[in-house]
Every structure is written in C-alpha cells, then in structure tokens.
Amino acid sequence: MARVGLTTDRVVAAAADLADEVGFEKLTVTALARQFGVKDASLYSHVKNVQELRTRLALLAGGEMTERIELAVAGRAGKDALVAFAGAYREYALEHPGRYAATQIRIDPAVVAESEVLRRTAEVTYGMLRGYGLSEPDLTDAVRLLRSTFHGYCSLEASGGFSAPRDVQASWERALDALHVLLEHWPRQERKPS
C-alpha cells in the first residue's frame, strides 16, 4: 500500500533535489526513503527500481532545462539565439548539478521514442540551428558539436577545472563567438541519395 502523501511526482521531485545536494551518482532509493522518513518499500509503489527513478529524474530535468532554453531563445535567431540557448544551458547545469547529470544518462530507446520532453528538446535545438541554414546531416553534426562543447565547458567549470587567471565568463563568450562563426561557415555536406 502506498504511503499517504507520497506520489510518483513528489518522489521524483525529491529525488531531483537530493541529486542536486549529494550528486546524481549517489542517488539511491534508500537515501531517498530516508529523506521521507519511510522504508524503501514505501517508494517501490511509485518507482519500481533505481533505474526507473533515474530515468524519471532525467525526463524531469530535461523538461526543466528545455523550458528554460525555450524561454531564453523565444523570438531570437542566429547569434542571439545561440548565446541565449548556451546561457540557459550553462545556467541550468551550474545551478542544478545533480539534475544536469541526470540529463546525460542513456535512456531506453523505447522511452525516448515516447517522450514528449525529449521531442521538445530536439525541436528547440534543431530549430535554433536551422536559423543558420543547416539541414541534415549537418544539423545532427552541429547538435553533437554544441552538446559536447557546452557539456565539456560546464563540467570543467563545475569541477574547478579552469585554473588559468583568465576570466571564465570571458572565455565562455569567446567560445560562443567562435561557435557562431563556425555555424555561419559550416562546411556543408551533400545529402547522399537514398
């Protein structure tokens, strides 16, 4: 029987907060149950295992991050959209390290195919890049470049990996300038006939 007051949404929201506090890799059902003052079994009527909990957390965080990015890029194009997108991405990653780590996990392809959140994420990202006149296969390549650049930068910044005296924000802005130039001059790849 489910514990009164516990819902799946409440459990996942608490998991998100706990992940931000202790780190995504330390998120367990036992640690979460402790937060609620219940036994592990009380949570299993809401999530079947830690993998489902982490997947639900990844979808929650992905939705939060996408919503923030959508608001930032609304009505913008080109470099303005890129800077707004990147800024919202970085801000979320640094403010919510556990949630952000959840967005980086591999999710079951069946869940991906059914996820409205992940569909919206792709639409926002691809939409911003279409402002640079990109189409497939260049769009996918550009998405991978931006994701790896943003993720690498945010991960290094969060872990204190930038020790040079140069201001981290100044380097971020220069990186975005360089990405903008690259996207404007993207080496187009011809579509191969099917």
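Quick notes on the rules
Along each chain, residues carry numbers from 1 onward, in the same order as the chain's sequence is written. In keeping with the predicted nature of the model, local features appear solely for residues at pLDDT of at least 70, side-chain atom pairs appear and are counted solely at 80 or more, and the whole-chain, interface and lining totals rest on all residues. Heavy atoms throughout the structure, all of them, feed into the side-chain values; hydrogens and water do not. The distinction between a cavity and a pocket rests on a 1 Å grid over the protein atoms alone: a 1.4 Å probe fits inside a cavity but cannot get out, while a pocket stays open yet meets protein on both sides within 12 Å along at least five of seven lines, and a residue with an atom within 4 Å of a point counts as lining. Grid points are joined across faces, edges and corners, and a volume is the space filled by probe spheres set on the points. Secondary structure counts use DSSP, requiring at least four H or I residues in a row for a helix and at least two E residues in a row for a strand, with both numbered from the N terminus. Nonpolar residues are Ala, Val, Leu, Ile, Met, Phe, Trp, Tyr, Cys and Pro. Charged residues are Asp, Glu, Lys and Arg, and all others, Gly as well, are polar. Side-chain atoms within 4.5 Å link the members of a nonpolar core, which is a set of buried Ala, Val, Leu, Ile, Met, Phe, Trp, Tyr and Cys residues. For every residue, the accessible area (1.4 Å probe, protein chains only) is compared with the maximum for its type, and the residue is labelled buried under 20%, exposed over 50%, or partly exposed between those bounds. Throughout, a contact is declared for two residues whenever any of their heavy atoms are within 4.5 Å. pLDDT expresses how confident the predictor is about each individual residue, on a scale running from 0 to 100. Here the aromatic set is Phe, Tyr and Trp, taking the six-membered ring for Trp, and pairing holds for ring centres within 6.5 Å; pairs whose planes are under 30 degrees apart are stacked, those over 60 apart are edge-to-face, and all others are tilted. In this analysis the charged atom, NZ for Lys or CZ for Arg, is taken to sit over a ring once it is within 6 Å of the ring centre and within 35 degrees of the ring normal.

1. Re the layout of surface pockets
- There is about 870 Å³ of room inside the largest pocket.
- In terms of lining residues, the largest pocket is bounded by 27 residues, among which Thr-103, Leu-118, Thr-121, Ala-122 and Arg-147 are the most central.
- Elements represented by at least two residues in the lining of the largest pocket include exactly helix 4 (50-73), helix 5 (78-95), helix 7 (109-114), helix 8 (116-130) and helix 9 (138-158).
- Here the residues of the lining of the largest pocket sort into 17 nonpolar, 7 polar and 3 charged.
- For the second largest pocket, the calculated volume is near 170 Å³.
- If you trace the second largest pocket, you find it lined by Lys-48, Asn-49, Gln-51, Glu-52, Thr-55, Arg-56, Leu-59, Arg-106, Ile-107, Asp-108 and Val-111.

2. Quick notes on the nonpolar core
- Ranked by size, the top nonpolar core spans 33 residues in total, and within it Leu-129, Phe-150 and Leu-183 carry the most contacts.
- Elements supplying a minimum of two residues to this core: helix 4, helix 5, helix 8, helix 9 and helix 10 (168-184).
- It is helix 5 that provides the largest number of residues to this core, a total of 9 residues.
- Look past the residues within four positions of Leu-183 in its chain and what remains in contact with it is Leu-82, Leu-129, Tyr-132, Leu-134, Ala-142, Leu-146 and Arg-188.
- If you look at the next biggest cluster of nonpolar residues, it comprises 23 residues, including Phe-24, Leu-32, Leu-53 and Leu-57.

3. Structural notes on the confidence of the model for the protein chain
- Chain-level statistics for the protein chain give a pLDDT mean of 93 and a share of 95% at 70 or above.
- Confidence scores differ between elements of the protein chain, with helix 3 (residues 40-43) showing the lowest mean pLDDT of 86 and helix 5 the highest of 98.

4. Side note on the packing of aromatic side chains
- Within the structure shown, the criterion is met by 6 aromatic pairs.
- Geometrically, the ring pair formed by Phe-150 and Trp-172 is tilted, given 5.9 Å between the ring centres and 50 degrees between the ring planes. Of this pair, Phe-150 sits in helix 9 while Trp-172 sits in helix 10, and the two are 22 residues apart along the sequence.
- Since its relative accessible area comes to 1%, Phe-150 is described here as buried.
- Taking relative accessible area as the criterion, Trp-172 reaches 3% and is therefore assigned buried.
- A connected cluster of aromatic rings, assembled from ring pairs, spans Phe-85, Tyr-89, Tyr-100, Phe-150, Tyr-153, Phe-162 and Trp-172.
- Lying over the aromatic face of Phe-24, Arg-54 brings its terminal NZ or CZ to 5.1 Å of the ring centre.

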